[in-house]
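Descriptive structure summary
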Amino acid sequence: MKTEVDVVIVGGGIMGAATAATLARRGERVALLERRQIGHDRGSSHGDGRIVRLTYAEPDYVAMALRGYDGWRKLERASGEELLVTCGGLDIGPEGHEVVRSIHEMMREAGVACELLTASAMTERFPQLRASESADALFQPATAVIRAEAAWRTYVDRAIVDGAEVEEGVEITSMQTGLGVTVEAADGRSWRAERLVLTAGAWTNKFLTMLDEPTLPLETTHEQVAYLSPREAPVSHGPDRLPTVIDYFDTPLFYSLPRMSAEGSHAGVKIGWHRSGAPVDPDLSPRPPRPEFLQAIAGFTRRRFHHLDDPPTTVVDCLYTNTPDHHFVLDRLPGSTPIVIGAGFSGHGFKFAPAVAEVLAALSRDEPTPVPLDSFRLARFAGATVAPHVGA
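Counting of residues starts from 1 at the beginning of each chain's written sequence and follows it residue by residue. Owing to the predicted nature of the model, reporting of local features is limited to residues with pLDDT of at least 70; listing and counting of side-chain atom pairs is limited to 80 or more, with chain, interface and lining totals taken over all residues. Excluded from the side-chain calculation are hydrogens and water; included are all heavy atoms of the structure.

**Describing the sheet that holds strand β4 (residues 84-86)**
Spatially, three strands are ordered β3-β8-β4 in an open sheet, and the strand pairing comes out antiparallel. Either end of the sheet is taken by a strand with one partner, and the two such strands are β3 (50-52) and β4. Here the strands of the sheet are splayed against their neighbours by 35° on average, with no regard to which way each runs. In this sheet, strand β8 (residues 144-146) lies alongside β4 in antiparallel orientation, the contact comprising three bridges. Within β8, the position partnered with T86 by the bridge is A144. The criterion used for residue contact is that any of the two residues' heavy atoms lie within 4.5 Å. Think of each axis as a best-fit line through the C-alpha atoms, taken over the contacting stretch in the case of a helix, with angles from 0 to 180 degrees between the N-to-C directions. Counting from the N terminus, the helices are DSSP H or I runs at least four residues long and the strands are E runs at least two residues long. Relative to the sheet, helix α2 (residues 59-79) contacts β3, β4 and β8, its axis offset from that of β4 by approximately 120°. Only strands joined by at least two bridges in the DSSP assignment are considered to pair.

**So, the layout of surface pockets**
Where empty space is left becomes clear once a probe the size of a water molecule has been rolled over the atoms. A pocket, in this scheme, is an open set of points on a 1 Å grid over the protein atoms alone with protein on both sides within 12 Å along at least 5 of 7 lines, while a cavity is a set where a 1.4 Å probe fits but cannot get out; residues line either one if an atom lies within 4 Å of a point. Grid points are joined across faces, edges and corners, and a volume is the space filled by probe spheres set on the points. One number sums up the size of the largest pocket: a volume of about 270 Å³. R25, G71, K74, L75 and Y155 are, among the 15 residues lining the largest pocket, the residues nearest its centre. Those elements that provide at least two residues to the lining of the largest pocket are α1 (14-25), α2, α5 (148-161) and α8 (353-364). Of the residues assigned to the lining of the largest pocket, the class counts are six nonpolar, two polar and seven charged. Polar here means any residue outside two lists: the nonpolar Ala, Val, Leu, Ile, Met, Phe, Trp, Tyr, Cys and Pro, and the charged Asp, Glu, Lys and Arg; Gly therefore counts as polar.

**Focus: the pattern of salt bridges**
Basic side-chain nitrogens of Lys or Arg form a salt bridge, by our definition, when they fall within 4 Å of a carboxyl oxygen of Asp or Glu. On inspection of all chains with the given rule, the structure shows 23 salt bridges. When the shortest N-O distance is used, the salt bridge between E28 and R195 registers 2.7 Å. Taken as a pair, E28 in the loop between α1 and β2 (30-34) and R195 in strand β12 (residues 190-198) lie far apart in primary sequence, 167 residues in all. Here E28 and R195 have matching classes, each one buried. Linking R365 and E28 is a salt bridge whose minimum nitrogen-to-oxygen distance equals 2.8 Å. Taken together, the residues span a long stretch of sequence, with R365 in the segment after α8 and E28 in the loop between α1 and β2 at a distance of 337 residues. For every residue, the accessible area obtained with a 1.4 Å probe (protein chains only) is divided by the maximum for its type, and the residue is called buried under 20%, exposed over 50%, and partly exposed between those limits. Assessed through its relative accessible area of 28%, R365 is described here as partly exposed. For E28, a relative accessible area of 10% translates into the label buried.

**As for α1**
With twelve residues, α1 extends 16 Å from end C-alpha to end C-alpha; this agrees with the ideal 16 Å at 1.5 Å per step. All of the buried residues in α1 are I14, M15, G16, A17, A18, T19, A20, A21, T22, L23 and A24. After α1 finishes, the residue G27 shows a positive phi value of roughly 90°. The span you would expect from a helix comes to 1.5 Å times its residue count less one.

**Remarks on empty space enclosed by the protein**
Counting across every chain of the model gives three cavities of 30 Å³ or more. What lines the second largest cavity is I51, R53, T55, G89, L90, D91, T143, T244 and I246. Counting residues per element, the ones that place at least two in the lining of the second largest cavity are β5 (89-94) and β14 (244-247). Residue contributions to the lining of the second largest cavity peak at three residues, all from β5.

**Overview of the environment of P252**
For P252, the position within the fold is in the loop between β14 and β15 (254-257). For the pair P252 and F350, spaced 98 residues apart in sequence, the C-alpha separation works out to 20 Å.

**Describing the pairing of strand β17 (residues 314-322)**
Most of β17 sits out of view: eight of its nine residues are buried. Bridge count between strand β13 (residues 219-228) and β17: nine bridges; the pairing is antiparallel. From the neighbouring strand, H222 faces β17, where its bridge partner is L319.

**Considerations on the sheet that holds strand β7 (residues 135-140)**
Backbone-to-backbone hydrogen bonds join strands into a sheet, with any given pair of strands oriented parallel or antiparallel. Here eight strands make up an open sheet; going across it, the order is β6-β7-β5-β14-β15-β16-β13-β17 and the pairing mixed. In this open sheet, the two edge strands, each paired with only one partner strand, are β6 (115-118) and β17. Pairs of neighbouring strands in the sheet enclose a mean axial angle of 20°, with direction left out of account. In this sheet, strand β16 (residues 269-273) lies alongside β13 in antiparallel orientation, the contact comprising four bridges. Across the sheet, L228 pairs through a bridge with V269, a residue of β16. Seen against the sheet, helix α7 (residues 291-304) touches β5, β13, β14, β15, β16 and β17 and runs at an angle of roughly 120° to β16.

Rendered as structure tokens:
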């Protein structure tokens with residue numbers, strides 16, 4: 001059975017789902033193909049929350065983050081779901097830290113409200129935290145947590161409402177270009193489309209190989225996040241009182257999110273050790289907690305938090321798929337067949353999903369993109385140099 005559509009999107013994580021919803025809303029006939037089930041935990045889109053922030057030193061990311069905020073609020077209004085929980089955010093570093101100061105300067109240039117705090121001012125305002133006397137802490141009150149899995153499912157639901165075909169459990173065996181694109185599955189189904197959007201995360205190069213296209217310099221690593229329960233404490237560790245934290249005292253850096261739930265496996269403060277994992281085959285089974293990860297989390301918790309129990313109550317796997325410079329790939333492949341790539345988002349991309357969807361939709365329709373793409377083009381891998389991005 002062959003289905004004719006305008007656009008096939010391969011990869012049903014947050015970026016594919018958001019792009020499907022965006023294109024379907026514009027009247028396109030869309031097929032979104034996902035190898036597993038929506039909400040699965042074998043990729044990069046699952047879990048309870050992601051940080052949504054404006055605190056970047058690069059203007060392109062600030063512009064995209066602003067569009068992202070707007071997009072999340074539009075999704076909330078359209079769906080009636082509360083997805084974005086504002087809690088404020090802290091970027092912490094040694095006094096005079098280059099990244100924290102650069103972000104502060106960019107926030108001022110962009111007209112974004114923020115406040116540079118001393119260590120003592122930070123701990124007075126947020127008594128859950130410890131800090132060195134030599135620390136700087138940049139507080140940005142608009143920082144929020146997006147309810148990740150709920151947002152993912154909401155985009156899928158909106159895509160279906162607007163007419164998109166969402167197919168789960170699709171094992172793609174062939175992708176061919178010619179007069180459009182033909183995608184074939186192991187169960188005999190196939191889809192033919194004028195255009196293809198590839199948002200397959202760790203499996204991007206697998207599909208580029210099927211298409212006889214050059215692969216991208218993408219590396220997939222096995223990352224983990226920990227949930228730690230607060231002991232009896234005089235102050236809440238929820239988003240009403242505890243901000244997100246990005247901590248630049250160590251390399252790799254640490255980050256944390258407030259406790260978003262009081263029960264269940266994710267009932268704790270979420271702490272991650274950013275880009276600390278080893279390269280991995282994305283098709284391998286989940287792995288047990290790494291001893292070095294648990295040791296690092298314990299050390300960070302002792303240094304930064306007063307009231308968290310150790311060891312973690314839960315450790316969750318996820319995949320990071322990144323380019324060498326840690327910037328995204330947002331571009332069309334060279335050639336006559338319109339194939340659009342969205343890749344390399346891991347570690348800080350989720351927040352941008354509404355803006356990325358607009359970009360990928362515009363690229364697939366050969367329209368001007370809503371934000372500049374100089375930092376995200378494929379051409380940079382042919383010799384152009386882009387400064388590595390640091391952040392979570």
